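Report on the structure
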Amino acid sequence: MSDSREHNKAVDKHSRILAMDTSTSSMSVAVLEGNRMLEEVNSFAERNHSLYLLPIIQQLLGALNMQVSDLDGIAVGRGPGSYTGVRIGVTVGKTLAWANRIPVIGVSSLEALSYGSRGMCKGERGDALSNEWIVPLMDARRGQAYTALFRCRRDGSGWERMAEDAVLLVEPWLQELKKRMTGEQLPERVVFVGELEKFTELIHAFGEAAGVEVQISDRSIRAEHIGQLAFEQWSSGMQEDTHAFVPNYTQLAEAEVNLKAAKK
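The sections below set out a description of the structure shown in this document. Here the structure is a predicted model, which is why all the values come from computation and not from measurement.

Observations regarding the pattern of salt bridges
Under the criterion given, the structure shown has 11 salt bridges. With its nearest N and O atoms 2.7 Å apart, the salt bridge here joins R222 to E40. Of this pair, R222 sits in the loop between β10 (213-218) and α6 (223-235) while E40 sits in strand β3 (residues 36-43), and the two are 182 residues apart along the sequence. On the basis of relative accessible area, E40 is assigned to the buried category, the value being 16%. R189 is the partner of E213 in a salt bridge, and the nearest nitrogen-oxygen pair spans 3.6 Å. Here E213, found in strand β10, pairs with R189, found in strand β9 (residues 189-194); they are 24 residues apart in sequence, far enough to count as distant. Look at E213 and you get partly exposed, because its relative accessible area is 45%. Put simply, E40, R222 and E224 are held in one network by salt bridges that share partners.

Here it is, written out as structure tokens:
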């Protein structure tokens, strides 16, 4: 159930949305009108999101001659990703939404990362591929990555999630992807997006073993794509209960893991 203080007006192409993601070392903030981006600021001041997020929001709104009270909704990348980073973004998003009585919409940070690569769903002649997989990989240390699986198709089914957000060991995950490549599931190409430097060798080995074209795209999560996915969700009637809205960590923070282990 949505927060009773929130306005229930319908979202439309003129709704102004503040979007943000702080789930990784980069930070992105944008303002959109409907699904059209008006302005975006991207920062790579690692580990300083708590210091810079609110000033960047004010800077961005000021550049557009807007105030927080002019917004119709808040879109937030809910993770997975850095435990502290995700918490900062969700806390700021919830606070702004509550204080201004507007909806907050949570978006998978991994889906936004992948959604930014949907324009790659093209063949050499520019025609859409019939089945292209997009695999986000964000380093989670110790050979693990935050990951999921999406595809875009030419048959009208469009954008589709094929695996939920998770933190997985990369090598077994690539083996699982290879096993999924049967029949109609066989992709024409697999695009890997995100923080890929540590995984490049494994990705190329996967492509050779699976006999499939792979494409590597090092990129960061952009608030523009957080906002566009939020607009789609909001248009279909989805928004968060402001108080109940929580990050998707997919795993306990290392400190919590160590604390639980010490208690056993």
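We are not done yet, so read on.
Some points on helix α1 (residues 49-63)
Between the first and last C-alpha of α1 there are 20 Å, a value that for 15 residues agrees with the 21 Å anticipated at 1.5 Å per step. Inspection of α1 places H49, L53, I56, I57, L60 and L61 among the buried residues, and these make up the whole buried set. With its buried residues spanning 125 degrees around the axis, α1 presents them on a single face. Of the exposed residues in α1, those oriented more than 90 degrees away from the buried face are L51, Q58 and A63. The inward-facing, buried residues of α1 contact β1 (16-21), β2 (27-33), β3 and α2 (83-100). N65 sits one or two residues past α1 and shows a positive phi near 55 degrees.

What about α6?
End to end, α6 covers 18 Å across 13 residues, agreeing with the expected 18 Å (1.5 Å per residue, within 8%). Most of α6 sits inside the fold, with 11 of its 13 residues counted as buried. Looking only at α6, the buried set comprises A223, E224, H225, I226, G227, Q228, L229, A230, F231, Q233 and W234. On its buried face, α6 is in contact with β1, β2, β3, β4 (73-77), β5 (104-107) and α3 (109-115).

A look at the pairing of β2
β2 sits mainly inside the fold: 6 of its 7 residues count as buried. Bridge count for β1 against β2 is 6 bridges, and the pairing is antiparallel. Opposite R16, over in β2, you have E33 as the bridge partner. Counting the residues between successive antiparallel strands, the hairpin from β1 to β2 contains 5 residues. Sheet topology note: the β2/β3 ladder contains 7 bridges and is antiparallel. Within β3, the position partnered with A30 by the bridge is E40. The turn linking β2 back onto β3 is made up of 2 residues, and G34 within it adopts a positive phi angle of 65 degrees.

Some remarks on the environment of S236
Tracing the backbone through its elements, the reader meets S236 in the loop between α6 and α7 (254-263). With 225 residues separating them along the chain, S236 and V11 place their C-alpha atoms 9.3 Å apart.

What counts, and where the lines are drawn
In this numbering scheme, every chain counts its residues from 1 along its sequence in written order. Local features in this predicted model are restricted to residues of pLDDT 70 or higher, and side-chain atom pairs are both shown and tallied only at a pLDDT of 80 or more, whereas totals for entire chains, interfaces and linings draw on every residue. Computation of side-chain values: all heavy atoms of the structure, hydrogens and water removed. Salt bridge, as used here, is a side-chain nitrogen of Lys or Arg placed within 4 Å of a carboxyl oxygen of Asp or Glu. A helix here means a DSSP run of H or I that spans at least four residues, while a strand means a run of E at least two residues long, and both kinds are numbered starting from the N terminus. The buried label goes to any residue with under 20% of its type's maximum accessible area, the exposed label to any with over 50%, and the partly exposed label to all in between, with areas taken from a 1.4 Å probe on protein chains only. The span you would expect from a helix comes to 1.5 Å times its residue count less one. Think of it as the arc spanned by the lines of direction from the helix axis to the C-beta atoms. Only heavy atoms matter for contacts: two residues are in contact if any of them lie within 4.5 Å across the pair. Pairing between strands requires that DSSP locate at least two bridges from one strand to the other.

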